[in-house]
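This is what each chain is made of:
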Amino acid sequence: MSAQAVYQIFLFFFVFSTALQLWLSLRQSRALLRHRAEVPHDFAAAVSLSEHQTAADYTLAKQRLSRWRIWFDALLLLVFTLGGGLNLLAALSAKLSDGLITQGVWLMVLFVLVSGLLSLPFDLYATFRLEARFGFNRSSAATFFGDRLKGLLLGALIGVPLLYAAIYLMGIGGAWWWLWVWALWLGFSLLMLWAFPKWIAPLFNKFEPLPEGRLKAQIEDLLARTGFQSKGIFVMDGSKRSGHGNAYFTGLGANKRIVFYDTLLKDMQPDEVEAVLAHELGHFKHRHIIKQMALTFALGLAVLFVLNLLMKSPAFYLGLGVHYPSHAMALLLFMLVLPVFAFPLSPLLSMMSRKNEFEADRFAAETASAQDLAAALTKLYRSNAASLVADKWYERFYASHPGAQARIAALKKAV
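Values in this document were obtained by computation on a predicted structure and should not be read as measured data.

A. Here's a closer look at a nonpolar patch on the surface. Nonpolar side chains collect at one region of the surface, where L295, L299, L349 and M352 lie side by side and expose about 330 Å² of accessible area between them. Only helix 10 (288-310) and helix 13 (346-367) provide two or more residues apiece to the nonpolar patch.

B. Expanded view of the sheet that holds strand 2 (residues 233-236). Strand order in the open sheet formed by four strands is 1-2-4-3, and the pairing between neighbours is mixed. Only two strands of the sheet have a single neighbouring strand rather than two, namely strand 1 (207-209) and strand 3 (247-250). Averaged over all neighbouring strand pairs, the angle between strand axes comes to 30 degrees, with direction disregarded. Inspection of the sheet shows strand 2 paired to strand 4 (residues 257-261) by four bridges, in the parallel sense. By the bridge assignment, M236 is partnered in strand 4 with Y261.

C. Highlighting the nonpolar core. L86, W177, Y317 and L333 are the most contacted members of the largest nonpolar core, which totals 54 residues. When residues of this core are assigned to their parent elements, the largest contribution, 10 residues, is made by helix 12 (residues 327-342). Every residue in contact with Y317, bar those within four places of it in the chain, is listed here: M311, V322, P325, S326, M329, A330 and L333. The next biggest cluster of nonpolar side chains, apart from the first, holds 43 residues, and it includes F228, F234, L277 and A364.

D. Summary view of the packing of helix 9 (residues 270-285) against helix 13. Interaxial distance between helix 9 and helix 13 falls to 7 Å at its minimum, and their mutual angle equals 120 degrees. One way to sum up the angle between helix 9 and helix 13 is to call them oblique. Judged by the twist between their axes, the crossing of helix 9 over helix 13 is right-handed. Listed contacts from helix 13 to A275, A278, H279, L281, G282, H283 and K285 of helix 9 are N356, E357, A360, D361, F363, A364 and T367. Taken together, the residues that form the contact of helix 9 with helix 13 break down as six nonpolar, five polar and three charged.

E. Geometry of the environment of Y168. Assignment of secondary structure puts Y168 in helix 5 (residues 141-172). A residue is classified by how much of its surface remains accessible, and Y168, at 44% relative accessible area, is partly exposed. In this structure, the C-alpha to C-alpha distance between Y168 and S383, residues 215 residues apart in sequence, is 49 Å.

F. Spatial organisation of the UniProt feature "binding site: Zn(2+)" (unreviewed entry) in the protein chain. In the UniProt entry, the feature "binding site: Zn(2+)" (unreviewed entry) is given for H279, H283 and E357. Despite a sequence span of 79 residues, these residues sit close together in the fold, their greatest C-alpha distance being 8.2 Å. Secondary-structure assignment places H283 in helix 9. Excluding anything up to four places from it in sequence, H283 contacts H288, I289, N356, E357 and A360. Among the structural elements, E357 can be located in helix 13. For E357, the contacting residues outside a window of four places in its chain are H279, H283, S400, H401, P402 and R407. A distance of 3.3 Å separates polar atoms of two side chains, one belonging to E357 and the other to H283.

G. Structural view of the layout of surface pockets. Each pocket or cavity is described by its volume, and for the second largest pocket that value is around 810 Å³. M108, G159, L162, L163 and L331 are, among the 25 residues lining the second largest pocket, the residues nearest its centre. Of the residues forming the lining of the second largest pocket, the biggest block, nine residues, is contributed by helix 5. Each residue belonging to the lining of the second largest pocket can be placed in one class, and the counts come to 21 nonpolar, four polar and no charged.

Criteria and cut-off values
- Residues numbered from 1 in each chain as written.
- Predicted model: local features only at pLDDT ≥ 70, side-chain atom pairs only at ≥ 80, totals over all residues.
- Heavy atoms only, no water.
- Patch = residues over 30% accessible without salt bridge, like charges linked within 9 Å, V, L, I, M, F, W, Y side chains within 5 Å.
- Areas by Shrake-Rupley, 256 points an atom, 1.4 Å probe, with all protein chains shown as cover.
- Salt bridge = Lys/Arg side-chain N within 4 Å of Asp/Glu carboxyl O.
- Helix = DSSP H or I, 4+ residues; strand = E, 2+ residues; numbered from the N terminus.
- Pairing = 2+ DSSP bridges.
- Axes fitted to C-alpha atoms, helices over the stretch in contact; angles between N-to-C directions.
- Core = buried A, V, L, I, M, F, W, Y, C linked by side-chain atoms within 4.5 Å.
- Buried < 20%, exposed > 50% of the residue type's maximum accessible area, 1.4 Å probe, protein only.
- Contact = heavy atoms within 4.5 Å.
- Parallel < 35°, antiparallel > 145°, perpendicular 65-115°, else oblique.
- Left-handed = near helix turned anticlockwise from the far one by under 90°.
- Nonpolar A, V, L, I, M, F, W, Y, C, P; charged D, E, K, R; others polar.
- UniProt positions renumbered as here; feature names shortened; annotations may be inferred.
- Polar contact = N/O pair within 3.5 Å; in protein donor to acceptor, adjacent residues only side chain to side chain.
- 1 Å grid on protein atoms, 1.4 Å probe; cavity = no way out; pocket = protein on both sides within 12 Å on 5 of 7 lines; lining within 4 Å.
- Points joined across faces, edges and corners; volume = space filled by probe spheres on them.

Shown next, in the form of structure tokens:
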């Protein structure tokens, strides 16, 4: 394949993917405006018209910001590739070190720093303007920048050695380098899953054991009934940064933890919290997490195999505007352009995720209460200003969870 062919294929998918994202966002905004004047029937008794309209306005504001971000990301991609941005970073990395592996690590580090700095205005606006406007932001400037500084330091501490190892394996691994790098990534991912709850998450949030009382007794009874073992039940100070509520599992093997945001516990009754946890346990019982990990690792292997084929051709670099081929450049360039080609396939993964959510809801209905889960979800929609309506095509591409109306309707059938 010639460099011209690579250029034309990339440009076609770039335009198609960008236009598709913008079209979906506009469809979502039109759907929100079309249904803004009336609360959906299933929520009429629990959500007021003003709350429904606030949720619509909040989602509309996020969509407007999203469209600006789509344009910005598209421009940034062109600047880094066809505009020669990666060439400049490669030339600078060559001045910083004589070693090829260290040059590759510098290339990656410089890309992360530059792209992060250029994206910072969007993060600042989203946190201190958009989220604050709708009453969700709790972060101070010190917390915001402190999180990013800790993230950079942690990324350097963990990511730089990983990059050295990956680039080294790409150089010595021969025809099978992609398998060795995949094995490295697999081991690293599993290690991070195991270490995250105990060593990484506490760097950003405080985790306190759930206090004794009715709620803890109900949860322990639910865990016993479902055969789930964990290293503890914790409450996280989510309110330090945001007014949004949530709950999640974290960890791997015997190091699993159950975490509730303090904002979630504040608004819900014990029976409703139990139902939310039962939903999360449904993912565990149906092995959704293991299946998702297996799919992620399989896709990662496929991606590295395709990269192995592409990086052998000079046309891969030249067609994307790069004149400094290297193992690190191949890895960075491929990861940079991959979303352009992958986005049209998003509905497949989103559909699988929504199927898993329905299965977890059914498990919660069987082990706890469908009515309590429906009540809990309604409170979450209301407190998080989550839209109760969505465009069908937008949902197909972006929605990892079923739409509010479809989800509540399914729970009513399970009663």
